[in-house]
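Okay, here's what each chain looks like letter by letter:
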Amino acid sequence: MQITTQLALFLDNRPGTLARVCDALSAAKINIYAITTSDTVDHSVIRMVVSDPRKALLLFEEHGTLVVESEVLMIEGDNKPGSLARIAHKMADGDINIEYCYCATPPDAKKGLLILRTSNAKKALKILNT
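Computed from a predicted structure; not experimentally measured. (Residues numbered from 1 in each chain as written. Predicted model: local features only at pLDDT ≥ 70, side-chain atom pairs only at ≥ 80, totals over all residues. Heavy atoms only, no water.)

Some points on a nonpolar patch on the surface
- On the surface, Phe10, Leu66 and Val68 cluster together into a nonpolar patch covering about 250 Å² of accessible area.
- Inspection of the secondary structure assignment puts Phe10 in strand 1 (residues 2-12). (Patch = residues over 30% accessible without salt bridge, like charges linked within 9 Å, V, L, I, M, F, W, Y side chains within 5 Å. Areas by Shrake-Rupley, 256 points an atom, 1.4 Å probe, with all protein chains shown as cover. Salt bridge = Lys/Arg side-chain N within 4 Å of Asp/Glu carboxyl O. Helix = DSSP H or I, 4+ residues; strand = E, 2+ residues; numbered from the N terminus.)

As structure tokens, this is what we get:
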């Protein structure tokens with residue numbers, strides 16, 4: 001469990017946009033650990049945690065892409081019923097708001113990766129480590 005940097009890219013919502021983002025990261029030898037997208041009428045928000053956020057940030061800025069950095073928790077946890085509930089209860093008991101989260105795991109995996117954006121990452125990490 002650690003605090004890490006998430007990048008949020010604001011891009012046109014058109015075919016090929018995600019492919020170009022992934023191509024640029026691949027060419028720069030940057031691995032994507034977690035990714036989620038959401039859309040609006042005219043643009044898409046791509047949130048991602050990558051192996052080298054500094055390098056990725058510079059890469060996107062060089063191409064004129066609007067990028068916002070934020071602190072998130074990256075939690076490797078058990079892939080079983082109740083795991084997220086325990087985390088959510090700890091956050092609630094510590095008066096920490098979960099602004100959003102995303103994760104995915106294959107059904108038979110023992111562990112999963114959760115990205116958690118909270119109102120206070122440092123306090124959330126401390127609470128989860130106790």
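Here's the deal with the packing of aromatic side chains
- The full count for this structure, using the stated rule, is 0 aromatic pairs.
- Taking NZ or CZ as reference, Arg47 lies 4.2 Å from the ring centre of Tyr100, over its face. (Phe/Tyr/Trp six-rings, centres within 6.5 Å; stacked < 30°, edge-to-face > 60°. Lys NZ or Arg CZ within 6 Å of the ring centre and 35° of its normal.)

A closer look at the pattern of salt bridges
- Under the defined criterion, the tally for this structure stands at 6 salt bridges.
- In this structure, the salt-bridge partner of Arg54 is Glu69, at a minimum N-O distance of 2.5 Å. Residue Arg54 is located in helix 2 (residues 53-62), and its partner Glu69 is located in strand 4 (residues 66-78); the two are separated by 15 residues in the primary sequence.
- Taking the relative accessible area as the measure of exposure, Glu69 reaches 36% and is therefore partly exposed.
- By sharing partners, the salt bridges in this structure join Asp78, Lys80 and Lys111 into a single network. (Buried < 20%, exposed > 50% of the residue type's maximum accessible area, 1.4 Å probe, protein only.)

Considerations on the nonpolar core
- Leu7, Leu9, Val21, Leu25, Met48 and Phe60 are the most contacted members of the largest nonpolar core, which totals 15 residues.
- Mapped by element, the contributors of at least two residues to this core are strand 1, helix 1 (17-27), strand 3 (43-50) and helix 2.
- In terms of residue count, helix 2 provides more of this core than any other element does, 4 residues in total.
- Once residues lying within four places of it in the same chain are set aside, the contact partners of Val21 are Leu9, Leu11, Ile46, Met48 and Phe60.
- Grouped together as the second largest cluster of nonpolar side chains are 11 residues, Leu114, Leu116, Ala124 and Leu128 included. (Core = buried A, V, L, I, M, F, W, Y, C linked by side-chain atoms within 4.5 Å. Contact = heavy atoms within 4.5 Å.)

As for the packing of helix 3 (residues 83-93) against helix 4 (residues 121-128)
- At their nearest, the axes of helix 3 and helix 4 sit 10 Å apart, and the two run at 120 degrees to each other. One finds that helix 3 runs oblique with respect to helix 4. As for how helix 3 packs across helix 4, the hand of that crossing is right-handed. Taken together, the residues of helix 4 that come into contact with helix 3 (itself represented by Ile87, Lys90 and Met91) are Ala124, Ile127 and Leu128. (Axes fitted to C-alpha atoms, helices over the stretch in contact; angles between N-to-C directions. Parallel < 35°, antiparallel > 145°, perpendicular 65-115°, else oblique. Left-handed = near helix turned anticlockwise from the far one by under 90°.)

Describing the state of the cysteines
- Counted under the stated rule, the structure contains 0 disulfides.
- Looking at the unpaired Cys22, the closest cysteine sulfur is the one in Cys103, lying at 19 Å. (Disulfide = S-S within 2.5 Å.)

So, the pairing of strand 6 (residues 111-118)
- In this sheet, strand 6 lies alongside strand 4 in antiparallel orientation, the contact comprising 6 bridges. Looking at the pairing, Gly77 lines up with Gly112 of strand 6.
- Pairing between strand 5 (residues 98-104) and strand 6: 6 bridges, direction antiparallel. Looking at the pairing, Tyr100 lines up with Arg117 of strand 6.
- The antiparallel pairing of strand 5 with strand 6 creates a hairpin that spans 6 residues between the two strands. (Pairing = 2+ DSSP bridges.)

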